[in-house]
Amino acid sequence: MTGSREASMIEGDWQARAQQRKRRLYIIIAILFGMGLFSGFLVGFFEKDDSGLMAQGSIPPEIAIITTVIFGIAITFGAVRFHRSSDELERRNMLYAAAMAGNVALAGYPTWFILWKGGLVSEPDALALFGTAYLVHITAYFWYKFR
Amino acid sequence: MKNRLKVLRAERDWSQAELGARLDVSRQAINAIETGKYDPSLPLAFRIARLFDSRIEEIFDDGFKGGQHD
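Conventions and cut-offs
- Residues numbered from 1 in each chain as written.
- Chains lettered and ligands numbered in written order.
- Predicted model: local features only at pLDDT ≥ 70, side-chain atom pairs only at ≥ 80, totals over all residues.
- Contact = placed C-beta atoms within 7 Å.
- Helix = DSSP H or I, 4+ residues; strand = E, 2+ residues; numbered from the N terminus.
- Core = buried A, V, L, I, M, F, W, Y, C linked by C-beta atoms within 7 Å.
- Buried ≥ 20, exposed ≤ 12 C-beta atoms within 10 Å, placed from the backbone.
- Axes fitted to C-alpha atoms, helices over the stretch in contact; angles between N-to-C directions.
- Parallel < 35°, antiparallel > 145°, perpendicular 65-115°, else oblique.
- Left-handed = near helix turned anticlockwise from the far one by under 90°.
- Nonpolar A, V, L, I, M, F, W, Y, C, P; charged D, E, K, R; others polar.
- Domains from an automatic or database assignment.

Draft legend 1. The interface of chain B and chain A, seen in detail. Tallying the contact residues gives 18 residues for chain B and 13 residues for chain A. Those elements that provide at least two residues to the side of chain B that touches chain A are α2 (16-23), α3 (27-34) and α4 (42-51) of chain B. If you tally residues by element for the side of chain B that touches chain A, the top one is α2 of chain B, at six residues.

Structure follows, in structure tokens:
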């Protein structure tokens, strides 16, 4: 006979707790998604029509500051809330994925830099490195989650 | 690490989701532990042991047999 509080939990309790856990995560994801969407909208709406993606000064400085602040808040508080709401397996998956992405960025830049110094490739591209690290992060996360 | 979690859960007729909720982890975490893809932290291992009124080594087997590992 088990005597712990968890063991004596009645049917409705565990279902309510599972629902609560899911709801918490969905709310955090929805808020982060909303903030990302709003940031993207701000940049897209105020960007000069004739400028390219990488053009400097293509959005007003105040929009750049507002977007950066939104991004900073979303990343900081979103990460903390997500960390508190997720279980240890989820945190492990995120940690492994972040470590792999970080290693790609840390090893990728010097490798590219040396090859560039040797005249073999074009100059290191920050956006390409960021995109690759991000892709590795997502791929690793889903691989650990669904393997 | 091998464990008896699936057997203990089946004895109580609990689903993975139910056991997860009782331990405050996700169903996926229970599945990963049962299939040996994830070894729980020490605090979670203690919670599991308490829930099943057992000692940790009665549930988890690290392969240690009298001085030698498997």
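On we go from here.
Draft legend 2. Highlighting the nonpolar core. Residue and element names in this part refer to chain B. If you look at the biggest cluster of nonpolar residues, it comprises 14 residues, and the most contacted ones within it are A29, I33 and I48. Looking at this core, the elements that each hand over two or more residues are α2, α3 and α4. The element contributing the most residues to this core is α3, with four residues.

Draft legend 3. Structural context of the packing of helix α3 (residues 88-117) of chain A against helix α4 (residues 126-146) of chain A. All names here are of chain A. As a packed pair, α3 and α4 sit with axes 8 Å apart at the nearest point and diverge in direction by 150 degrees. For the element pair α3 / α4, the angle class is roughly antiparallel. For the pair α3 and α4, the crossing hand works out as right-handed. Of the residues in α4, those in contact with N93, M94, Y96, A97, A98, M100, A101, V104, A105, G108 and Y109 of α3 are L129, T132, A133, Y134, V136, H137, A140, Y141, Y144 and K145. Split into classes, the residues belonging to the contact of α3 with α4 amount to 16 nonpolar, four polar and one charged.

Draft legend 4. Local environment of the domain arrangement of chain A. What the domain assignment lists for chain A is domain 1 (10-86) and domain 2 (88-147). The gap between the C-alpha centroids of domain 1 of chain A and domain 2 of chain A is 22 Å.

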